[in-house]
Protein chains: 2
Amino acid sequence: MIPEEIIRSLAIKTESKIILVVMDGLGGIAGQGQSELEAARTPNLDRLARSSALGLADPVAPGITPGSGPGHLAIFGYDPFKYQIGRGVLEALGLGLEMTERDVAARGNFATLSREGLVVDRRAGRIPTEECRRLCARIAEKIPEVNGVKLIIAPGMEHRFALLLRGDGLSDALSDSDPQKEGRKPLPVRPLQPEAEFAAQVANMFIMRAGELLRKEQPANWLLLRGFARYPKIPSMSELFKLTPAVIAIYPMYRGLARLVGMEPLDAGSSLEDEIEALARNYERYDFFFLHYKQTDSRGEDGDFQGKVKAIEELDRFIPRLLELEPDVLAITGDHSTPAPLRGHSWHPTPLLIYSKHCGSSGAERFTERECARGILGRIPATSQMPLMLANALKLKKFGA
Amino acid sequence: MIPEEIIRSLAIKTESKIILVVMDGLGGIAGQGQSELEAARTPNLDRLARSSALGLADPVAPGITPGSGPGHLAIFGYDPFKYQIGRGVLEALGLGLEMTERDVAARGNFATLSREGLVVDRRAGRIPTEECRRLCARIAEKIPEVNGVKLIIAPGMEHRFALLLRGDGLSDALSDSDPQKEGRKPLPVRPLQPEAEFAAQVANMFIMRAGELLRKEQPANWLLLRGFARYPKIPSMSELFKLTPAVIAIYPMYRGLARLVGMEPLDAGSSLEDEIEALARNYERYDFFFLHYKQTDSRGEDGDFQGKVKAIEELDRFIPRLLELEPDVLAITGDHSTPAPLRGHSWHPTPLLIYSKHCGSSGAERFTERECARGILGRIPATSQMPLMLANALKLKKFGA
């Protein structure tokens, strides 16, 4: 990992432009057969691969299966061990809440409490999402603040929600109220450090008042909080790399992750076509674009091999549109692998393609995991991608004389 | 990076011999076509490659374009982030000054000052090198010391020179006297830390006295100093690796870099043939030889693709002479890439070849970047080369039981 003060001293502002396409969960080589990339018909990616530098990237480290947070932070050039993003923050970002540095976020569940005060269902029978929305709206209306701390609540799927405490003097050194097992009492939120005393009071007061409000509801007559976390302090991409970066992502969590490092969110619409149009429309205003494509991961999570193949083919059709913009650097990779046979994120390295005038091509025939394993970039940590993209865009000075 | 105390504890003194050939700026794969190595006819390197371990090495880190300092230190087994060599030191080494641990070095320019005391030309019209030599000789004669601190000055090309302050109680925490822009006054050298007070006094006194001496000169009637730096404290190769190392380099900067880590400079003559002869002549006296070959970098910097090809072919002819010495390890690499199309150092990894009885060959057909990308060594940091050379020479004990 290049020390931050070094990369900061080497980065220069230039006119050159970088497009980074993250095909979420792209990698797939996890069994004996073909990967989704190998099975897909990708004439445009393959043509591009012939004149690009290819390699395999480890999002975190060999053997480590990354979540979306570390997977993306690494590609953005940040040490995923140093900058860990709390669960509460990811949930809040995923539900589209905008966080500030004064906020503490938590994940929440609606739950069912027995008359004796024991948790009999931690998920309140997985209430419909509509019901969750109604309950959150009620809480938002009736409990806008506690002890001067503003409360912001956002409904998720079924019984899930995210909560923000916004105020001064808060700390995230707080224990969960969720007992994790049924048949137990909800736990009081305890301060894990003395300075978290006030935040614990606020959280417990909120739970009490929400409990009163929900008393007559059925089955969601209580709520549980866990994963308290502050908004992490991360130097921005503009500070570290002198970039003016933008994010184009349909899903809020990825916009949120990008905003953590200072990217400006653009209106991404609701389809890949919309995303590409947003890129073209804003092309003059930024010098770094992170375009997020979700379908590859979603189909992989479903275990839908053919669906993931189709998602790859869908993106392939838009490659000429990206090249028409004539970016100085076009990088295509995944934030982690999601092989359909594994139905989830995996530890396999992700294929990486970097195209520029100066990339030094590997002369590969296709853009696949196996071709990438033989590529000129070799196997590198994903955190090397940002320095490589900057170098290929001639945005880094020489180190040392 | 292997911790220094570990490598120190593993290294053993043996009779085996290592030859490290650094073809400066060797790497060249930066565009769509062939690299210089690919275009060159290199029957001897290719034959050697067939029975060698090949790989690609990152001098500093992927994406980072290294200067000669970090590029060489990494190959010598030193962390280039930890041991950073100041500009003044490199300039002094490059001009052939021998530095001691009591020295502070600076880069100097002769400049032109107006009657009002403003810098009207930071380079004094790029005076001829001859004129620079005359002025330096005058200064050396008239100002041999200031406040008990010895002054050593060496002329460079045109308006450039290097200055050493040699004495006790000096510090390099000093600001530049060079205002960097014309139309401004020269700046006083300021101490950046309290302990640099004395060194600042010496530098300012020197500038004042040199100014008096130059007063009637035209156009070089002043001098500017910048990049103050101490000789870095680096454990020697003999301490760390138990080697008795020698350097064979025609250019003073590379001899200087090698002397930083304790290599003994041999008389390298003025051609590659001279260098090889120096190696053969001294072969019994040392167990590690660093042979530096400059032409590959020079032609790359010129953007002279064919010239770099020829420089590679020239070295190729001497491979049999090296093998005749029957070294236990022969390693061939670059300190960085200098692709002719880029006309300068670049971030691309450098090809690496390690030949020994125990290297484990890749079975490559040629010694090129693309073959190295598929080599058995993979893509490694350049700092791994020294442990690999030592291991191949059976100079490292087992780590742990």
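Conventions we followed
- Residues numbered from 1 in each chain as written.
- Chains lettered and ligands numbered in written order.
- Predicted model: local features only at pLDDT ≥ 70, side-chain atom pairs only at ≥ 80, totals over all residues.
- Heavy atoms only, no water.
- Helix = DSSP H or I, 4+ residues; strand = E, 2+ residues; numbered from the N terminus.
- Rg over C-alpha atoms; globule rule 2.2 N^0.38 Å.
- Buried < 20%, exposed > 50% of the residue type's maximum accessible area, 1.4 Å probe, protein only.
- Contact = heavy atoms within 4.5 Å.
- Core = buried A, V, L, I, M, F, W, Y, C linked by side-chain atoms within 4.5 Å.
- Expected span 1.5 Å × (residues − 1).
- Arc of directions from axis to C-beta.
- Pairing = 2+ DSSP bridges.
- Axes fitted to C-alpha atoms, helices over the stretch in contact; angles between N-to-C directions.
- Least-squares fit on C-alpha atoms with pLDDT ≥ 70 in both.
- Parallel < 35°, antiparallel > 145°, perpendicular 65-115°, else oblique.
- Nonpolar A, V, L, I, M, F, W, Y, C, P; charged D, E, K, R; others polar.
- Buried area = accessible area lost by both parts, 1.4 Å probe.
- Salt bridge = Lys/Arg side-chain N within 4 Å of Asp/Glu carboxyl O.
- Polar contact = N/O pair within 3.5 Å; in protein donor to acceptor, adjacent residues only side chain to side chain.

Below, the discussion takes up the overall build of chain A. Scanning chain A from terminus to terminus reveals 15 helices and 14 strands. What you see for chain A is a C-alpha radius of gyration of 23 Å, in line with the 21 Å of a compact globule of 401 residues. Across the 401 residues of chain A, 60% fall into the buried class. Long-range contacts, defined here as pairs at least 24 residues apart, represent 75% of the contacts in chain A between residues at least 6 apart.

This next bit is on the nonpolar core. Core analysis: the biggest nonpolar cluster contains 107 residues, and Y78 and F288 of chain A together with I332 and F367 of chain B have the highest contact counts within it. The biggest single contributor to this core is helix 15 (residues 385-392) of chain A, with five residues. Residues within four places of I332 of chain B in sequence aside, it is in contact with V21, M23, L45, L48, I319, P351, L352, L353 and F367 of chain B. L164, L352, C359 and M389 of chain B belong to the second-largest nonpolar core, a separate cluster that totals 53 residues.

Every α-helix winds through 3.6 residues per turn, so residues three or four apart in the chain are directed the same way. All names here are of chain B. With 18 residues, helix 7 (residues 197-214) should reach 26 Å at 1.5 Å per residue; the first-to-last C-alpha distance of 26 Å fits that figure. Those residues of helix 7 not exposed but buried are A199, A200, V202, A203, F206, I207, A210, G211, L213 and L214. Taken end-on, helix 7 shows its buried residues confined to a sector of 165 degrees, consistent with a single buried face. Each element contacted by the buried residues of helix 7 is listed here: strand 3 (103-113), helix 6 (129-142), strand 5 (145-146), strand 6 (149-155), strand 7 (160-166) and strand 8 (222-230).

This part covers the sheet that holds strand 11 (residues 288-293) of chain B. Backbone hydrogen bonds hold the strands of a sheet together, and the pairing may be parallel or antiparallel. Residue and element names in this part refer to chain B. Read across the open sheet, the eight strands follow the order 10-9-11-1-12-13-2-14; overall the sheet is mixed. Each of the sheet's edge strands pairs with one partner strand only, and the pair in question is strand 10 (264-265) and strand 14 (378-381). Here strand 1 (residues 18-23) runs beside strand 12 (residues 329-333); their pairing, made up of five bridges, is parallel. When the sheet's bridge partners are listed, V21 is paired in strand 12 with I332. Contacts between helix 10 (residues 272-281) and the sheet are confined to strand 1, strand 9 (245-248) and strand 11, with strand 11 contributing the most and set at about 175 degrees to the helix.

The next thing to look at is the sheet that holds strand 13 (residues 350-356) of chain A. Residues and elements named next belong to chain A. Spatially, 10-9-11-1-12-13-2-14 is the arrangement adopted by the eight strands of the open sheet, whose pairing is mixed. Of all strands in the sheet, those bounded by a partner on one side alone are strand 10 (264-265) and strand 14 (378-381). Strand contacts of helix 4 (residues 68-75): strand 1 (18-23), strand 11 (288-293) and strand 12 (329-333), with the helix running at about 155 degrees to strand 1, the strand carrying the most contacts.

Quick look at the relation of the copies chain B and chain A now. Expressed as a screw operation, the relation of chain B to chain A combines 0.2 Å of axial shift with a rotation of 126 degrees, fitting to an RMSD of 0.2 Å. The share of interface residues of chain B whose copies in chain A are also at the interface is only 3%, consistent with the copies meeting through different surfaces.

Turning our attention to the packing of helix 5 (residues 87-94) of chain A against helix 9 (residues 252-260) of chain A. All names here are of chain A. Running from N to C, helix 5 and helix 9 point in directions that differ by 120 degrees, and their axes come no closer than 7 Å. In terms of orientation, helix 5 lies oblique with respect to helix 9. Where helix 5 approaches helix 9, its residues L90, L93 and G94 are matched on the opposing element by P252, M253, G256, L257 and L260. When its residues are assigned to classes, the contact of helix 5 with helix 9 shows six nonpolar, two polar and no charged.

This part is about the interface of chain B and chain A. Contact with chain B, which involves 30 residues of that partner, is made by 34 residues of chain A. In this assembly, chain B packs against chain A so that about 2400 Å² is buried in total across both faces, 63% of it on carbon and sulfur atoms. Taken as a group, Q32, W347 and R379 of chain B account for 24% of the area that chain B buries against chain A, more than any other trio of residues on that side. Counting every contact that joins chain B to chain A gives zero salt bridges. Remark: the boundary between chain B and chain A carries seven residue pairs in polar contact (both at pLDDT 80 or more). Among the residues forming the side of chain B that touches chain A, the class breakdown is 15 nonpolar, ten polar and five charged.

Each neighbour pair has its own omega, and for Q218 of chain A with P219 of chain A the value is 5 degrees, a cis peptide bond. Secondary-structure assignment places P219 of chain A in the loop between helix 7 (197-214) and strand 8 (222-230). Unlike most non-glycine residues, L394 of chain A shows phi in positive territory, near 55 degrees. With respect to the helices and strands, L394 of chain A occurs in the segment after helix 15. The partly exposed category is assigned to L394 of chain A, whose relative accessible area is 42%. Of note in this structure, E326 of chain B is not a glycine but carries a positive phi near 55 degrees. By the element assignment, E326 of chain B lies in the loop between helix 13 (319-324) and strand 12.

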